[in-house]
Amino acid sequence: MLTPTQGLQEPNKLTTTPYEAQQNFAATLKEAIAQVNTAQIQSDAMTNKLINGGNVDLHEVMIAAQKASITLNATMEIRNKAVEAYQEIMRMSV
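Residues numbered from 1 in each chain as written. Predicted model: local features only at pLDDT ≥ 70, side-chain atom pairs only at ≥ 80, totals over all residues. Heavy atoms only, no water.

Participant: I would appreciate a short explanation of the pattern of salt bridges in the present structure.
Facilitator: It is possible for side chains of opposite charge to pair when their charged atoms get near one another. All chains considered together, the criterion is met by one salt bridge. Between Glu88 and Arg91 there is a salt bridge whose closest N-O contact spans 2.8 Å. With Glu88 and Arg91 both in helix H2 (residues 58–91), this residue pair falls three residues apart, about one helical turn. A residue is classified by how much of its surface remains accessible, and Arg91, at 58% relative accessible area, is exposed. (Salt bridge = Lys/Arg side-chain N within 4 Å of Asp/Glu carboxyl O. Helix = DSSP H or I, 4+ residues; strand = E, 2+ residues; numbered from the N terminus. Buried < 20%, exposed > 50% of the residue type's maximum accessible area, 1.4 Å probe, protein only.)

Participant: Sorry if this is basic, but what is going on with the packing of helix H1 (residues 18–51) against H2 here?
Facilitator: Helix packing for two helices is described by the angle between their axes and how far apart those axes are. Put simply, H1 and H2 touch, their axes get as near as 8 Å, and they point 150° apart. Classified by the angle between their axes, H1 and H2 sit roughly antiparallel to one another. Where H1 crosses over H2, the handedness of that crossing is left-handed. Contacts between H1 and H2 involve Val36, Ala39, Gln40, Ser43, Met46, Thr47 and Leu50 from the former and Leu58, Glu60, Val61, Ala64, Ala65, Ala68, Ser69, Thr71, Leu72 and Thr75 from the latter. Here the residues of the contact of H1 with H2 are counted per class, giving 10 nonpolar, six polar and one charged. (Axes fitted to C-alpha atoms, helices over the stretch in contact; angles between N-to-C directions. Parallel < 35°, antiparallel > 145°, perpendicular 65-115°, else oblique. Left-handed = near helix turned anticlockwise from the far one by under 90°. Contact = heavy atoms within 4.5 Å. Nonpolar A, V, L, I, M, F, W, Y, C, P; charged D, E, K, R; others polar.)

Spelled out as structure tokens, the structure:
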């Protein structure tokens, strides 16, 4: 998960170049998507383990499935807001 101080500039650093900002954003985005993917994989693994009679509790499988669902839904909502913001910027006259 992201910490509250991630993305904040160091006190000695005056400005961030556009390239650095792009790289920071890309790294943060990749990390967030990797976390969503990890939650989905964990949910699938636990579900398969339950189906195959493995030693896993039903409530643990349901919790993992809900976590995966919530992270995916949150990611989709963030994507939708980013697309909306982009579209709004594109509508602006220069």
